[in-house]
Amino acid sequence: MSSWMMRCAIIIALVGCVWQAAEANTDGIDAEVQPALTEMIRAYERAVASSSFDGLGPFLSKGFSAVTILGEEVSGIEQLKASNSRLMERVGGFERYDVEVVPALVQQISPELVLVSGITNDKLVSSGGHTFDFSTSWTAFGIKEDGTWKLRRVHAVVMEPFDNSFVRFLINGAKITYGLSAGLIGILLGGVFTALLIGRRTSSSKHNS
């Protein structure tokens, strides 16, 4: 088993243990954390459903960064929106995208730092009629910035990567894209070499005459 496969298996196993342990554990955290977390979750669910992430702005810290389900590292809301647009392009557009965020563990590390982890249940219907039901595991850090709790870092991973129709669809789409790109490059190079060859033959003919 490759190291990448081993890491994915470990992540899935850990998330499974957390999920089976209990619903969101909020023991020992400040009373204001849970309402703030719930508000962030609802804002994200609305953003996904509407394909508009502008409403997330007030919930993101100044140094916000994330790893999206495409495996892309993004910083700030503009890059997050761009990653979502690329996801939309990969599946051929969204007809509907619903997500349910389920926090499983909340730990307050300090008065101004909170660690949250859980899963999402995603249902994506593409414009081409493909329906994908999948789940992700995620970990997030929240910080208290200017007296308000905000998201600083989020890392999301698609669960069950070895038997997942959504992942297979993205991989197959990437293969087609790279195949077409390689074909076009081959055609262009072939044209260049052909032109050079003809040019050399023409030049040689003139010289011999």
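Everything numeric in this text was worked out from a predicted model, so none of it was measured.

Conventions we followed
- Residues numbered from 1 in each chain as written.
- Predicted model: local features only at pLDDT ≥ 70, side-chain atom pairs only at ≥ 80, totals over all residues.
- Heavy atoms only, no water.
- Helix = DSSP H or I, 4+ residues; strand = E, 2+ residues; numbered from the N terminus.
- Buried < 20%, exposed > 50% of the residue type's maximum accessible area, 1.4 Å probe, protein only.
- Areas by Shrake-Rupley, 256 points an atom, 1.4 Å probe, with all protein chains shown as cover.
- pLDDT = per-residue confidence, 0-100.
- Contact = heavy atoms within 4.5 Å.
- Expected span 1.5 Å × (residues − 1).
- Core = buried A, V, L, I, M, F, W, Y, C linked by side-chain atoms within 4.5 Å.
- Pairing = 2+ DSSP bridges.
- Axes fitted to C-alpha atoms, helices over the stretch in contact; angles between N-to-C directions.
- Polar contact = N/O pair within 3.5 Å; in protein donor to acceptor, adjacent residues only side chain to side chain.

Draft legend 1. Representation of the overall build of the protein chain within the structure. Within the protein chain one finds four helices and six strands. Along the protein chain, from the amino end to the carboxyl end, the secondary structure elements read α-α-β-β-α-β-β-β-β-α. When the 209 residues of the protein chain are sorted by exposure, 33% land in the buried category. On the protein chain, roughly 12,500 Å² of surface is accessible, and the fraction owed to carbon and sulfur atoms is 59%.

Draft legend 2. Examining the confidence of the model for the protein chain more closely. The share of residues in the protein chain with pLDDT of 70 or more is 63%, and the mean pLDDT across the chain is 75. In the model of the protein chain, helix 1 (residues 3-21) stands out as the element of lowest mean pLDDT, 43, in contrast to strand 2 (residues 73-75), which has the highest, 97. Segment residues 8-23: pLDDT under 50, and 16 contacts once partners within four positions in sequence are set aside and those in other chains are kept. Segment residues 173-198 is flagged for pLDDT under 50; beyond a separation of four residues in sequence, or across chains, it makes one contact in the model.

Draft legend 3. Representation of the side chain of asparagine 84. Mapped onto the elements of the fold, asparagine 84 is located in helix 3 (residues 76-91). Not counting residues within four places of it along the chain, the set of residues in contact with asparagine 84 comprises Ser51, Phe53 and Phe94.

Draft legend 4. Representation of helix 2 (residues 33-50) within the structure. An ideal rise of 1.5 Å per residue puts 26 Å on 18 residues; helix 2 measures up with 26 Å between its terminal C-alpha atoms. When helix 2 is considered as a whole, its buried residues turn out to be Val33, Ala36, Leu37, Met40, Ile41, Ala43, Glu45, Ala47 and Val48. Considering only its buried residues, helix 2 is in contact with strand 3 (94-110), strand 4 (113-126) and strand 6 (148-158). In the stretch just after helix 2, serine 51 is the one whose phi turns positive, near 55°.

Draft legend 5. View of the nonpolar core. Counting 36 residues, the largest nonpolar core has Phe64, Tyr97, Val106, Leu124 and Leu151 as the members making the most contacts within it. Looking at which element gives the most residues to this core, the answer is helix 2, with eight residues. Apart from residues lying up to four places away in sequence, phenylalanine 64 is in contact with Val74, Ser75, Gly76, Leu80, Leu151, Arg152, Arg153 and Val154.

Draft legend 6. Quick look at the pairing of strand 4. Taken across its 14 residues, strand 4 has 10 buried, putting it largely inside the fold. Here 14 bridges tie strand 3 to strand 4, and the two strands are oriented antiparallel to one another. From the neighbouring strand, arginine 96 faces strand 4, where its bridge partner is valine 125. Counting the residues in the hairpin turn of strand 3 and strand 4 gives two residues. Hairpin connection from strand 4 to strand 5 (residues 131-145): four residues lie between these consecutive antiparallel strands, with glycine 129 at a positive phi of about 95°.

Draft legend 7. View of the sheet that holds strand 5. Spatial strand order, 2-1-6-5-4-3: six strands in an open sheet with mixed pairing. The open sheet is flanked by strand 2 and strand 3, the only strands paired with a single partner. Each neighbouring strand pair of the sheet contributes to a mean axis angle of 20°, computed without reference to strand direction. Examined bridge by bridge, strand 1 (residues 60-67) and strand 6 share four bridges and lie parallel to one another. Its bridge partner being in strand 6, serine 65 is matched across the sheet by arginine 153. With respect to the sheet, helix 2 is in contact with strand 3, strand 4 and strand 6, its orientation differing from that of strand 3 by roughly 160°. Packing against the sheet, helix 3 makes contact with strand 1, strand 2, strand 3 and strand 4, and its axis sits at approximately 140° to strand 2.

Draft legend 8. The side chain of glutamate 145, seen in detail. In this fold, glutamate 145 is placed in strand 5. Classification of glutamate 145 by relative accessible area gives buried; the value is 11%. A polar side-chain atom of glutamate 145 sits 3.4 Å from the main-chain amide nitrogen of lysine 62. Among residues more than four places away in sequence, those in contact with glutamate 145 are Ser61, Lys62 and Lys150.

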